[in-house]
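# Descriptive analysis of the structure
Now for the letters of each chain:
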Amino acid sequence: MTFGQTAPDTGKAAPKKLFIKTYGCQMNVYDSDRLAALLARHGYATVPEAADADLVVLNTCHIREKAAEKVYSELGRLRVMRDQRRSETGRPMALVVAGCVAQAEGEAMLGRAPFVDIVVGPQAYHRLPELLARSTREAGGQIDTDFPLESKFDLLPQGPEESPVSAFLTVQEGCDKFCTFCVVPYTRGAESSRPAAAIVAEARRLVEGGARELTLLGQNVNAYHGDGPDGRSWSLARLLHELAGIERLERLRYTTSHPRDMTADLIEAHGALPQLMPFLHLPVQSGADRVLQAMNRGYGRDDYLRIVDALRDVRPDIALSSDFITGFPGETEEDFEATLALVERVGFAQAFSFKYSPRPGTPGAAMTKQVKEAVRGERLNRLQALLDAQATAFNEGTLGRTLPVLLERPGRHPGQLVGRSPYLQAVHVAAPDGLLGRVARVTITGCHRHSLAGRMEPHGPITASNGIPAQPEEVVA
Ligand code: SAH
Ligand code: SF4
Ligand code: F3S
């Protein structure tokens, strides 16, 4: 039995049904969208339920043990679903595991879950239609975890004509930094940057399709150094300046940046470009130099603080976010307290924090001084209490202020839209659908755990109907 075909579909046959479940970071979200666009060309329509699908793709994440284990429990459920579907309707369901678990486990995945049809790594997605066409249960599962020379970006189609108001755009992939806790350099491969012209062209298409905000993505986005159309290598700052020239593009963001690549030109861009939003995710991981060194992060506590101060000099309202790991091998109570002290000193608007999870094949997993699970957990709780208090204080600090809010999508209630403040806070506001994609002046009236509530100011949206800002995007205190 064959699951797919290599030639683009003529559109005559009934569409086959595709379900994609995405785990992990925004780069996986971007990849899943491109994969759906590719498979649409081969006759697949996306459906919301796995049970209805002829093809199920799990786009997986390997970053922590929990993330990787989730994939196997999901596969167990899907296997039951598939058998039931076959016995009730006689229809097959192809199971594809894509993403970072696929890359990391390859062959071993078929050992543990032999009912999987295809295991495909993050750099080989463009080959999926071909793999599907070849796929027969009799032949057993197939694996493609190559890092091919051809770039998936050249071969994966753009998404549909219509873009979301806030869209992702991957500009850089992979990582050469080899932090001792992290699997990314192994799952995504060496660092590489897309040519600037291809990014600018994709950005223009997204804006034509309705995007008003772009978030540039990369595992190490500020290590970006793509070929520029002028024959030079472009930095992320240079690229941001170029993108800021695109008409009707209101907002730019980028993630995830590494402190080591926070260059002077990038810091300056935060002062120079009004489109660049005053919010930066800049993971520090730990506040103790000994731990940072053991992690191979390539910066110390003071370097991080200097970057924060320089950013605040050029953009005083910039809000910061970070990732933290508690209980990295060798972390003492004193080291952990240095992390708490750094958090106190910086003041974060938002943060993600994790217990250290030893990952197979990484140097950290082989270190002798592993911290007890209970201690990792206890430190995580203390850190999260502090970070939660800071996030709440930050959100409450916007109460009563009037902020420019980019209205992105309809809310749960009729007549309600959801948008984002410059600081990436979700804001619910009563507003007509016609304002979707516009930046409105919104006074913050309520503060909930994960979002804010606001009221549109009577003098209406900030942007004129042609989308050109009628006045610069400024925070009105
Ligand atoms: N490139 C980014 C991080 C990408 S991974 C950077 O350098 O900052 C996202 C986050 O997952 C990391 O920032 C880290 O906090 C967390 N993480 C990665 N590996 C981990 C591990 N083995 N255990 C616990 N957390 C981990
Ligand atoms: Fe992982 Fe470090 Fe690379 Fe970030 S910089 S992706 S944490 S190896
Ligand atoms: Fe996870 Fe891979 Fe992203 S491991 S965090 S999905 S790069």
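Above this text you will find the structure in question.
Residue numbers here run from 1 along each chain, matching the order of that chain's written sequence. Note on labels: chains are lettered from A, ligands numbered from 1, in written order. Local features in a predicted model are, by the rule used here, given only for residues with pLDDT of at least 70; side-chain atom pairs are given and counted only at 80 or more, and totals for whole chains, interfaces and linings are based on all residues. Note: side-chain values were computed over all heavy atoms of the structure, leaving out hydrogens and water.

## Remarks on the sheet that holds strand β2 (residues 44–46)
In sheet architecture, strand pairing relies on hydrogen bonds along the backbone and comes in two forms, parallel and antiparallel. For two strands to pair, DSSP has to find at least two bridges joining them. Runs of H or I in DSSP of at least four residues are treated as helices and runs of E of at least two as strands, each being numbered from the N terminus. Across the sheet, 6 strands lie side by side as β2-β1-β3-β4-β5-β6; this open sheet has parallel pairing. The strands lining the two open edges of the sheet, one partner per strand, are β2 and β6 (142–144). Averaged over all adjacent pairs, the angle separating strand axes in this sheet is 20°, with direction ignored. The sheet contact formed by strand β3 (residues 55–60) and strand β4 (residues 94–98) spans 5 bridges and is parallel. The partner of Val56 across the bridge, within β4, is Leu95. To define axes, lines are fitted to C-alpha atoms, for helices over the stretch in contact only, and angles between the resulting N-to-C directions are given on a 0 to 180 degree scale.

## Some details on the layout of surface pockets
Volume-wise, the second largest pocket comes out at about 770 Å³. Definitions used throughout: a 1 Å grid over protein atoms alone; a cavity as a set of points that fits a 1.4 Å probe which cannot get out; a pocket as an open set with protein on both sides within 12 Å along at least five of seven lines; a lining residue as one with an atom within 4 Å of a point. Along the walls of the second largest pocket sit 24 residues, with Gln350, Ala351, Ala391, Arg449 and His450 positioned nearest its centre. Elements supplying a minimum of two residues to the lining of the second largest pocket: β16 (350–355) and α14 (373–396). The element that contributes the greatest number of residues to the lining of the second largest pocket is α14, accounting for 8 residues. Grid points are joined across faces, edges and corners, and a volume is the space filled by probe spheres set on the points.

## Regarding the site of ligand 2
Taken together, the residues surrounding ligand 2 are Cys175, Lys177, Phe178, Cys179, Phe181, Cys182, Val184, Pro185, Asn220, His258 and Arg297. Classes in brief: Ala, Val, Leu, Ile, Met, Phe, Trp, Tyr, Cys and Pro nonpolar; Asp, Glu, Lys and Arg charged; the others, Gly included, polar. Looking at the shell around ligand 2 residue by residue, the class counts come to 7 nonpolar, 2 polar and 2 charged. We call a residue near a molecule or strand when any one of its heavy atoms sits within 4 Å of it.

## Some thoughts on the site of ligand 1
Around ligand 1 sit 16 residues in total, of which Phe181, Gln219, Gln285, Asp323 and Ser357 are the nearest. In the environment of ligand 1, an oxygen atom lies 2.7 Å from a nitrogen or oxygen atom belonging to the side chain of Gln285. Residue exposure ignores everything except the shown protein chains as possible cover, and the areas themselves are Shrake-Rupley values with a 1.4 Å probe. When ligand 1 is considered free in solution it has 540 Å² of accessible area, and contact with the protein chains removes 89% of it. Listed by contribution, the elements that provide at least two residues to the shell around ligand 1 are β15 (319–326) and β16. Counted by class, the shell around ligand 1 contains 6 nonpolar, 5 polar and 5 charged residues. Definition of a polar contact: a pair of N or O atoms within 3.5 Å, with one able to donate and the other able to accept a hydrogen when the atoms are protein atoms, and with sequence-neighbouring residues admitted only if both atoms are side-chain atoms.

## Details of the pattern of salt bridges
A side chain of one charge can pair with a side chain of the opposite charge if their charged atoms are brought near each other. Whenever a carboxyl oxygen of Asp or Glu lies within 4 Å of a side-chain nitrogen of Lys or Arg, that contact is scored as a salt bridge. Inspection of the entire model under this criterion finds 27 salt bridges. Here Arg194 and Glu202 are joined by a salt bridge, their closest N and O atoms 2.9 Å apart. There is no split in this pair, since Arg194 and Glu202 are both buried. One salt bridge connects Asp302 with Arg301, and the closest N-O pair in it is separated by 2.5 Å. Each of the salt bridges in this network shares a partner with another, and the network as a whole consists of Glu331, Glu333, Glu378, Arg379 and Arg382. Note on classification: 1.4 Å probe, protein chains only; a residue is buried when its accessible area is under 20% of the maximum for its type, exposed when over 50%, partly exposed between these limits.

## With respect to the packing of helix α9 (residues 236–244) against helix α10 (residues 264–272)
At a minimum axis separation of 8 Å, α9 and α10 run at an interaxial angle of 25°. One way to sum up the angle between α9 and α10 is to call them roughly parallel. The handedness of the crossing between α9 and α10 is left-handed. On α10, the residues that touch Leu236, Ala237, Leu240 and His241 of α9 are Asp265, Leu266, Ala269 and Ala272. A class-by-class count of the residues in the contact of α9 with α10 yields 6 nonpolar, 1 polar and 1 charged. What sets the label is the angle itself: under 35 degrees gives roughly parallel, over 145 gives roughly antiparallel, 65 to 115 gives roughly perpendicular, and the rest give oblique. It is the rotation of the near helix from the far one that decides the hand of a crossing: anticlockwise by less than a right angle makes it left-handed, clockwise makes it right-handed. Throughout, a contact is declared for two residues whenever any of their heavy atoms are within 4.5 Å.

## Section: α9
Residues of α9 that are buried include every one of Leu236, Ala237, Leu239, Leu240, Leu243 and Ala244, and no others. Projected down its long axis, α9 carries its buried residues within an arc of 160°, all on one side. In this fold, the buried residues of α9 make contact with α8 (196–208), β10 (213–217), β12 (233–235), β13 (251–255) and α10. When we speak of the arc, we mean the arc of directions from the helix axis to the C-beta atoms.

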